[in-house]
Amino acid sequence: MHKWIMFTVFIAASLLGVFLLTFKLPEKPVDEAALMPDGVTLMKVVASNDFTFNQDVFTAKVGDKVIMRLENKSGVHGLKIDELQVSLDNNNKETELEFTEPGEYIIYCSIACGPGHQTMQAKLIVEAA
Ligand SMILES: [Cu+2]
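Residues numbered from 1 in each chain as written. Predicted model: local features only at pLDDT ≥ 70, side-chain atom pairs only at ≥ 80, totals over all residues. Heavy atoms only, no water.

Colleague: Give me the side chain of histidine 117: which residues, what numbers.
Modeller: You can see histidine 117 is positioned in the loop between β8 (103-108) and β9 (121-127). The class of histidine 117 is buried, set by a relative accessible area of 15%. From its side chain, histidine 117 meets the backbone oxygen of isoleucine 111 in a polar contact 2.9 Å long. Not counting the four nearest positions on each side in its chain, histidine 117 is found in contact with Phe51, Cys109, Ser110, Ile111 and Ala112. (Helix = DSSP H or I, 4+ residues; strand = E, 2+ residues; numbered from the N terminus. Buried < 20%, exposed > 50% of the residue type's maximum accessible area, 1.4 Å probe, protein only. Polar contact = N/O pair within 3.5 Å; in protein donor to acceptor, adjacent residues only side chain to side chain. Contact = heavy atoms within 4.5 Å.)

Colleague: For the side chain of asparagine 72, give the residues involved together with the corresponding values.
Modeller: With respect to the helices and strands, the residue asparagine 72 is situated in strand β4 (residues 65-72). Asparagine 72 gets classed as buried once you look at its relative accessible area, which sits at 17%. Reaching out from asparagine 72, the side chain makes a polar contact with the backbone oxygen of histidine 77 at a distance of 3.0 Å. Contact partners of asparagine 72, with chain neighbours within four places excluded, come to Ala47, His77 and Asn90.

Colleague: Lay out the pairing of strand β1 (residues 40-48) with the relevant residues and their values.
Modeller: For a regular strand, side-chain orientation follows a simple rule: the groups alternate between the two sheet faces. Strand direction decides the pairing type here: β1 and β4, joined by eight bridges, are parallel. Each residue of the ladder has a partner; that of leucine 42, found in β4, is isoleucine 67. When β1 meets strand β2 (residues 52-53), the two strands line up antiparallel, connected through two bridges. The partner of serine 48 across the bridge, within β2, is threonine 52. Connecting β1 to the antiparallel partner β2 that follows it, the hairpin turn spans three residues, and phenylalanine 51 within it adopts a positive phi of roughly 65 degrees. (Pairing = 2+ DSSP bridges.)

Colleague: Any details on the nonpolar core? Residues and values, ideally.
Modeller: If you look at the biggest cluster of nonpolar residues, it comprises 23 residues, and the most contacted ones within it are Phe53, Met68, Leu79, Ile81, Ile107 and Leu124. Sorting the residues of this core by element identifies β1, β3 (57-61), β4, β5 (79-81), β6 (86-88), β8 and β9 as the ones contributing at least two each. What methionine 68 contacts, discounting residues up to four positions off in sequence, is Met43, Val45, Leu79, Ile81, Val86, Leu88, Lys93, Glu94, Thr95, Leu97 and Leu124. (Core = buried A, V, L, I, M, F, W, Y, C linked by side-chain atoms within 4.5 Å.)

Colleague: Talk me through the coordination of the copper ion; I want residue IDs and the actual numbers.
Modeller: Protein-derived coordination of the copper ion comes from Cys109 (SG), Ile111 (O), Cys113 (SG) and His117 (ND1), at a distance range of 1.9 to 2.3 Å. Note that the copper ion binds four donor atoms; their angles at the metal cover 87 to 122 degrees, and the shape is tetrahedral. Of note, the donors binding the copper ion are all from one chain and are spaced C-x1-I-x1-C-x3-H. On the basis of relative accessibility, which here comes to 28%, the residue isoleucine 111 falls in the partly exposed class. (Donors = N, O, S within 2.8 Å, 3.2 Å for Na, K, Ca; no water. Tetrahedral: all angles 85-135°; square planar, octahedral: opposite > 155°, others 65-115°.)

Spelled out as structure tokens, the structure:
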């Protein structure tokens, strides 16, 4: 009787193994921040269909090197910061920035994405080091 239980468990485990190998193991979430070059931090801006970015305010310090990355979570949006010549969209998702002076900048959506487009904004504040 015991043998049958062992056998069943063994078969179940084997089937699970074959299943996982066939349909591949669930992908681990990638830690994007860990993939940044030394001294560079990731500033991820996530845009959504409710005409918002994931944060109202993004902050950095003078001297910071940052890769700004746009992620369109839903809908199609662009990201612009006029004074810093930043212009991101789905074809050009990231840019590297080095902040040399303090300032406050408006981050805004650059693609007409719907009725809330005009007010789809966030702020980037660069603080003195
Ligand atoms: Cu828009």
